[in-house]
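Listed below are the residues making up each chain.
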Amino acid sequence: MSKKKIIIEPDPILRQKSIYLEKVDDEIRCLLDDMLETMYSAPGIGLAAVQIGILKRLVVIDVSKEKDKKNPLLLINPEIISKSKSTSIHEEGCLSLPGYFAEIERPAECYVKYIGYNGKKKEIKASGLLSTCIQHEIDHLDGVLFIDYLSKLKRDMILKKLVKQKKELNKIVL
Ligand code: GNR
Ligand code: NI
């Protein structure tokens, strides 16, 4: 396993649509292992492959509370089949938008179909933080970030600060 670098907004790759996988082989499983390691070391509760620069529909999630009890969920080609009419609001963060958080309203529950690590078709009903996280990650696969749900004013303010942060970082590196 190896830890990968996380891509920070603004970066055009984060706005691209990831492609569906045709088959699950060792290369894909290796990629999922790298994503898990990257997510745990960040630390974060979810990661989409696009965040490490790979435009494939792969997601890893672990919303377990206790640090010592890992409960990884690996999703290949995840798709929301249905969403509840009721919504809930969670404070969201994103490893590609470090330091920014916002309360986002989304459907409270969702049913998701996906392919598991072993290549088998699976389904889960998600609620609470897991539901929020799955929706956040599937958004990544479609080039959507949580700031897209904010007003243009708030979004542009965050983007402006991120551009400035990147420029400062380049000064140090160069
Ligand atoms: O670590 C993360 N925390 C988080 C909190 C609330 C809603 C979604 C998330 S996902 C985020 C990691 C990330 O950027 N995944 O794409
Ligand atoms: Ni994110």
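As a starting point, this report considers the structure included with it.

The rules behind each value
- Residues numbered from 1 in each chain as written.
- Chains lettered and ligands numbered in written order.
- Predicted model: local features only at pLDDT ≥ 70, side-chain atom pairs only at ≥ 80, totals over all residues.
- Heavy atoms only, no water.
- Buried < 20%, exposed > 50% of the residue type's maximum accessible area, 1.4 Å probe, protein only.
- Helix = DSSP H or I, 4+ residues; strand = E, 2+ residues; numbered from the N terminus.
- Pairing = 2+ DSSP bridges.
- Near = heavy atom within 4 Å.
- Polar contact = N/O pair within 3.5 Å; in protein donor to acceptor, adjacent residues only side chain to side chain.
- Areas by Shrake-Rupley, 256 points an atom, 1.4 Å probe, with all protein chains shown as cover.
- Nonpolar A, V, L, I, M, F, W, Y, C, P; charged D, E, K, R; others polar.
- Core = buried A, V, L, I, M, F, W, Y, C linked by side-chain atoms within 4.5 Å.
- Lys, Arg positive; Asp, Glu negative; His and termini not counted.
- Salt bridge = Lys/Arg side-chain N within 4 Å of Asp/Glu carboxyl O.
- Contact = heavy atoms within 4.5 Å.

1. Focus: the pairing of strand 6 (residues 110-115)
On strand 6, burial follows the alternation: Cys110, Val112 and Tyr114 on one face are buried, whereas Tyr111, Lys113 and Ile115 on the facing-out side are not. As paired strands, strand 3 (residues 73-83) and strand 6 are joined by 5 bridges and run antiparallel to one another. Bridged to isoleucine 76 within strand 6 is isoleucine 115. With 6 bridges joining them, strand 6 and strand 7 (residues 121-126) adopt antiparallel strand pairing. Looking at strand 7, one finds that lysine 113 is bridged to glutamate 123.

2. Brief notes about the site of ligand 1
Close to ligand 1 lie 13 residues; Ile45, Gln51, Leu95, Glu137 and His140 are nearest. Between an oxygen atom of ligand 1 and a main-chain N or O atom of isoleucine 45, the distance comes to 3.0 Å. Between ligand 1 and the protein, one listed contact pairs a nitrogen atom with a backbone N or O atom of glycine 46 at 3.1 Å. In isolation ligand 1 exposes 380 Å². Once the protein is present, 90% of that is buried. Of all elements in the fold, only strand 4 (87-93) and helix 2 (128-141) reach the threshold of two or more residues within the shell around ligand 1. Sorting elements by how many residues they give to the shell around ligand 1 places helix 2 first, with 4 residues. Its residues assigned to classes, the shell around ligand 1 shows 3 nonpolar, 7 polar and 3 charged.

3. A closer look at the nonpolar core
Grouped together as the largest cluster of nonpolar side chains are 18 residues, with contacts concentrated most on Ile61, Leu75, Val112 and Ile134. Of all the secondary structure elements, the ones that give two or more residues to this core are strand 2 (58-61), strand 3, strand 6, strand 7 and helix 2. Broken down by element, this core gets its largest block of residues, 4 residues, from helix 2. Among the nonpolar cores identified, the runner-up in size contains 15 residues, and Leu21, Ile28, Leu36 and Ile52 belong to it.

4. Thoughts on the side chain of aspartate 62
By the element assignment, aspartate 62 lies in the loop between strand 2 and strand 3. For the buried aspartate 62, no salt bridge exists, and the shortest N-O distance to an oppositely charged side chain is 7.1 Å, to lysine 70. Among the polar contacts made by the side chain of aspartate 62, one reaches the main-chain amide nitrogen of asparagine 71 at a distance of 2.8 Å. If near-sequence neighbours (up to four positions away) are discounted, aspartate 62 is found in contact with Met39, Tyr40, Ile45, Lys70, Asn71 and Pro72.

All we've got here are geometric facts, nothing functional implied.
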